[in-house]
Amino acid sequence: MRNATTALFAGALAVMPAIGFAADSDDPIVIPIHNWSSQIVMSNVVGQIFESMGNNVEYVTTDSQAVYESVRLGDVTLELEVWEGAFGASFRAAQEKGGIVDVGDHNAVTREDWWYPMWTKEACPGLPDWKALNDCAAVFATAETGDKGRYLDGPVDWLKHGQERVAALGMDFVVVNAGSAAALWAEIGAAEADKRPVVVFNWTPNFAEAVWPGEFVEFPAWEDGCDKDPAVGPNPDALYDCGNPAKGYLKKAAWDGMESKWPAAYGVLSKISFTNAQIAEMAKLVDVDELEPEEAAEEWLDANEDIWKPWIDAGS
Ligand code: TMO
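Residues numbered from 1 in each chain as written. Predicted model: local features only at pLDDT ≥ 70, side-chain atom pairs only at ≥ 80, totals over all residues. Heavy atoms only, no water.

Our focus in this paragraph is helix H12 (residues 276-287). With 12 residues, H12 should reach 16 Å at 1.5 Å per residue; the first-to-last C-alpha distance of 16 Å fits that figure. By the burial criterion, the buried members of H12 are Gln278, Ile279, Ala280, Met282, Ala283, Leu285 and Val286. (Helix = DSSP H or I, 4+ residues; strand = E, 2+ residues; numbered from the N terminus. Expected span 1.5 Å × (residues − 1). Buried < 20%, exposed > 50% of the residue type's maximum accessible area, 1.4 Å probe, protein only.)

Written out as structure tokens, the structure is:
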């Protein structure tokens, strides 16, 4: 608990003109919006935090791979969800060119990979091993895939390399890209009624884990270089013959000009850290409770002042 003197002092600081400190620019902080719910809600949460500090904010819908180039060039200001599995390669490539900075990790552990709802195990008891999945490929066959199994991968911009993995590991699966995250949830939901086995792309933290208990398929463990050096992974001649990182990071990134142009907002960004449970909750507010992202963010901020207010006090 802060004592009255500390509170008064903090209050005085908040109304004092920032003598000796550079004030944040009035130009809008440009926040990119992608195509999965936690990122959209988190972007609105952080945008509303910046607005509460007096900043201007603008949201732009941006491709989730191309965004790293946009951040590097300063066209967008930051990225709040750099998932190691999906975006590690694009983030590293942008870092090598310069202009983008790592603003630290969320206190979260992420995983993105082939996944099945638990009822699928009845039809394919050797799961979660990928070889057992492959032996069961026929169980996942559809009219569209003939005698091969159907795997519903994420939208193409998440670059999951499902097709390359199937080829590298010699799997009897056809990879179909979902048009949207909603198509993944529709696939699981449709299979649920008659407990039909399905395997789809999924990730954690996400709302889905509270709705459909399930497991990730265990592929050969990720090793650094699996996407760059054919020698890495079990197939000596192929890239992408590994699963995604099972304990991936979730980073924040920013344009390297953000700190001098919006020093207070940058300070807060550096303090921001969401947990798995908080990120899953943000997704749930949209995907289960069906709030608009802006309302979801308002609701999250109202319910969690004790989490985010200290970031403002500490960061700015
Ligand atoms: C990038 N995602 C979290 C949807 O896998």
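Per the domain assignment, the segments of the chain are domain 1 (2-109 + 248-315) and domain 2 (113-216). The interface of domain 1 with domain 2 comprises 17 residues on the first partner and 13 residues on the second. Taken over both partners, the interface formed by domain 1 and domain 2 buries close to 1200 Å², and the fraction arising from carbon and sulfur atoms is 60%. Of all residues in domain 1, Asn35, Gln65 and Trp83 give up the largest surface area on contact with domain 2, accounting jointly for 34% of the area buried on that side. At the boundary of domain 1 and domain 2, one finds 0 salt bridges. Between the two partners, domain 1 and domain 2, sit 4 residue pairs in polar contact (both at pLDDT 80 or more). Elements represented by at least two residues in the side of domain 1 that touches domain 2 include exactly helix H4 (84-97) and H12. (Domains from an automatic or database assignment. Contact = heavy atoms within 4.5 Å. Buried area = accessible area lost by both parts, 1.4 Å probe. Salt bridge = Lys/Arg side-chain N within 4 Å of Asp/Glu carboxyl O. Polar contact = N/O pair within 3.5 Å; in protein donor to acceptor, adjacent residues only side chain to side chain.)

What follows is about the packing of helix H2 (residues 37-52) against helix H13 (residues 293-303). Between H2 and H13, the least distance of the axes is 8 Å, while the angle of their chain directions is 60 degrees. With respect to their mutual orientation, H2 and H13 come out oblique. Between H2 and H13 the crossing geometry is right-handed. Contact residues: Ile40, Val41, Asn44, Val45, Gln48 and Ile49 in H2; Pro293, Glu294, Ala296, Ala297, Glu298, Trp300 and Leu301 in H13. Grouping the amino acids of the contact of H2 with H13 by side-chain chemistry returns 9 nonpolar, 2 polar and 2 charged. (Axes fitted to C-alpha atoms, helices over the stretch in contact; angles between N-to-C directions. Parallel < 35°, antiparallel > 145°, perpendicular 65-115°, else oblique. Left-handed = near helix turned anticlockwise from the far one by under 90°. Nonpolar A, V, L, I, M, F, W, Y, C, P; charged D, E, K, R; others polar.)

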